[in-house]
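Reading the structure
The residues making up each chain are set out below.
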Amino acid sequence: MKLYVGVDLGGTNIGAGIVDDKGNILLKGEVSTGASRPFQEIIADMAGLIKDLLKKGGYALSDIEAIGIGSPGSIDRERGVVVKANNLYWKDIPVKEELQKHLNIPVYIENDANVAGIAESVAGVCKGFENSVTITLGTGVGSGIIIDGKPYTGSHGVAAELGHMIIVVDGIQCNCGNRGCFEEYASASALIRDGKSAAKENPDSLIYKEVDGDLDKIDARIVIDAAKAGDEIALNIFDSYIHYLTVGIINIINLLDPSVIAISGGVSRAGDFLLDAIRESVSKHIFYKDAGSANIYLSELGNDAGIIGAAMLARAD
Ligand SMILES: [Zn+2]
């Protein structure tokens, strides 16, 4: 059996796992990133975590085909370099070269949103489909496009940034410099922003009551739970959220016509309440109604997607 190591490199934690060629995690662990430290120290800790896992599982380095790393930011896949990752304070960091000083086997690196798409395609709800799109609804909106079973990374290596697809001309300012990007309307941050401003204006709302007026405690779950409970203010926010999410999903369907769209990230934990609303809304806006259209599912991999997808990078190559 071929084995791989998958590394989920985040701004807060580094997760790693030993994964079989079907995408099953056999063993996993985690260390904190300590992102403000020199990159050599962070990568030494990453190598230490992998060595610990090998030891725990009784594996030799020669049992492992390759290490795959999912990293935030833009990636030079050929050189194994993280070109820029804001939440790690990284610019032109030679991750592959540095990690191979500790573990001399093949190393692959890919953007974390693409990695999530690979994970869904190999071991998640997009398994068995050649063309799929995974949208991660978290602090921002990440996306991974899989075409003919392979991640689509574009001509300049920066695809797919569906979170910065403009869905409202001259809309809300995005930190990418443009206005009206999908993630300004469809991320967990959008729900929090709208939840805060609505609670401030409506102290009678369930959102306000849930946090005892401490608006900084509002998160996406509180807003969605209040909508589930039938609170009118929260339902207005939720309906508007679904509206904008639908606009983005319809754009994706009209552009790519994938077999499956997987919804992952923190917001996807809202479950069927979210999924039913998305499906109903999207179905109203499908252009080629008779031809059939993408099935929309919620991701079931949760936090493991980062490790699984990274481990499958060598397989996808
Ligand atoms: Zn943007």
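Residues numbered from 1 in each chain as written. Predicted model: local features only at pLDDT ≥ 70, side-chain atom pairs only at ≥ 80, totals over all residues. Heavy atoms only, no water.

Describing the overall build of the chain
- Per the secondary structure count, the chain includes 11 helices and 13 strands.
- Taking 2.2 N^0.38 as the reference for a compact globule, 317 residues should give roughly 20 Å; the C-alpha atoms of the chain span a radius of gyration of 20 Å, in line with that estimate.
- Burial status across the chain gives 50% buried among its 317 residues.
- Partitioning the contacts of the chain with sequence separation of at least 6, the portion at a separation of at least 24 is 59%.
- Only carbon and sulfur atoms are counted for the fraction: they give 47% of the accessible area of the chain, which is about 15000 Å². (Helix = DSSP H or I, 4+ residues; strand = E, 2+ residues; numbered from the N terminus. Rg over C-alpha atoms; globule rule 2.2 N^0.38 Å. Buried < 20%, exposed > 50% of the residue type's maximum accessible area, 1.4 Å probe, protein only. Contact = heavy atoms within 4.5 Å. Areas by Shrake-Rupley, 256 points an atom, 1.4 Å probe, with all protein chains shown as cover.)

Some details on the coordination of the zinc ion
- Taken together, His164 (ND1), Cys174 (SG), Cys176 (SG) and Cys181 (SG) make up the full set of protein donors to the zinc ion, lying 2.0 to 2.4 Å away.
- Bound by four donor atoms, the zinc ion shows angles of 105 to 122° at the metal and therefore tetrahedral coordination geometry.
- Counting gaps between the donor residues of the zinc ion yields the pattern H-x9-C-x1-C-x4-C.
- Since its relative accessible area comes to 3%, Cys174 is described here as buried. (Donors = N, O, S within 2.8 Å, 3.2 Å for Na, K, Ca; no water. Tetrahedral: all angles 85-135°; square planar, octahedral: opposite > 155°, others 65-115°.)

What to know about the side chain of Thr246
- Within the secondary structure, Thr246 is located in helix α8 (residues 232-256).
- Within polar-contact distance, the side chain of Thr246 engages the backbone oxygen of Ile242 at 2.6 Å.
- Apart from the residues lying within four places of it in its own chain, the contact partners of Thr246 are Ser281, Val282 and His285. (Polar contact = N/O pair within 3.5 Å; in protein donor to acceptor, adjacent residues only side chain to side chain.)

Brief notes about the sheet that holds strand β6 (residues 81-85)
- Pairing within the open sheet is antiparallel, and its three strands lie in the order β5-β6-β7. Because the sheet does not close on itself, it has two edges, and the strands there are β5 (74-76) and β7 (90-93). With direction set aside, neighbouring strand axes in the sheet form an average angle of 20°.
- Direction of pairing for β6 relative to β7: antiparallel, over a ladder of three bridges. By the bridge assignment, Val82 is partnered in β7 with Ile93. (Pairing = 2+ DSSP bridges. Axes fitted to C-alpha atoms, helices over the stretch in contact; angles between N-to-C directions.)

Focus: the packing of aromatic side chains
- Counted by the stated rule, this structure contains three aromatic pairs.
- Ring geometry for Tyr185 against Tyr244: centres 4.6 Å apart, planes inclined by 40°, an arrangement best described as tilted. Of this pair, Tyr185 sits in helix α4 (residues 183-186) while Tyr244 sits in helix α8, placing them 59 residues apart in sequence.
- For Tyr244, a relative accessible area of 26% puts it in the partly exposed group.
- A ring pair is formed by Phe287 and Tyr288, whose centres lie 4.6 Å apart and whose planes are at 35°; its orientation type is tilted. (Phe/Tyr/Trp six-rings, centres within 6.5 Å; stacked < 30°, edge-to-face > 60°.)

Looking at the pattern of salt bridges
- For the structure shown, the criterion picks out 12 salt bridges.
- Linking Lys101 and Glu98 is a salt bridge whose minimum nitrogen-to-oxygen distance equals 3.0 Å.
- Classification of Glu98 as buried rests on a relative accessible area of 9%.
- Beyond isolated ion pairs, a larger network of salt bridges with shared partners links Arg37, Glu41 and Asp45. (Salt bridge = Lys/Arg side-chain N within 4 Å of Asp/Glu carboxyl O.)

What about the side chain of Thr153?
- Here Thr153 is to be found in the loop between β11 (150-151) and α4.
- Thr153 gets classed as buried once you look at its relative accessible area, which sits at 18%.
- Excluding residues within four positions of it along the chain, Thr153 makes contact with Arg77, Glu110, Asn114, Val158 and Ala159.

Examining the domain arrangement of the chain
- What the domain assignment lists for the chain is domain 1 (3-119 + 304-316) and domain 2 (128-299).
- One C-alpha centre belongs to domain 1, the other to domain 2, and the line joining them spans 28 Å.
- Contacts between the two partners involve 10 residues from domain 1, matched on the other side by 14 residues from domain 2.
- Of the roughly 800 Å² buried between domain 1 and domain 2 on both sides combined, carbon and sulfur atoms contribute 53%.
- For the pair domain 1 and domain 2, the interface holds zero salt bridges.
- Our enumeration of links across domain 1 and domain 2 arrives at two residue pairs in polar contact (both at pLDDT 80 or more).
- Examining the composition of the side of domain 1 that touches domain 2, we find that five residues originate from one element, helix α3 (residues 112-123), more than from any other. (Domains from an automatic or database assignment. Buried area = accessible area lost by both parts, 1.4 Å probe.)

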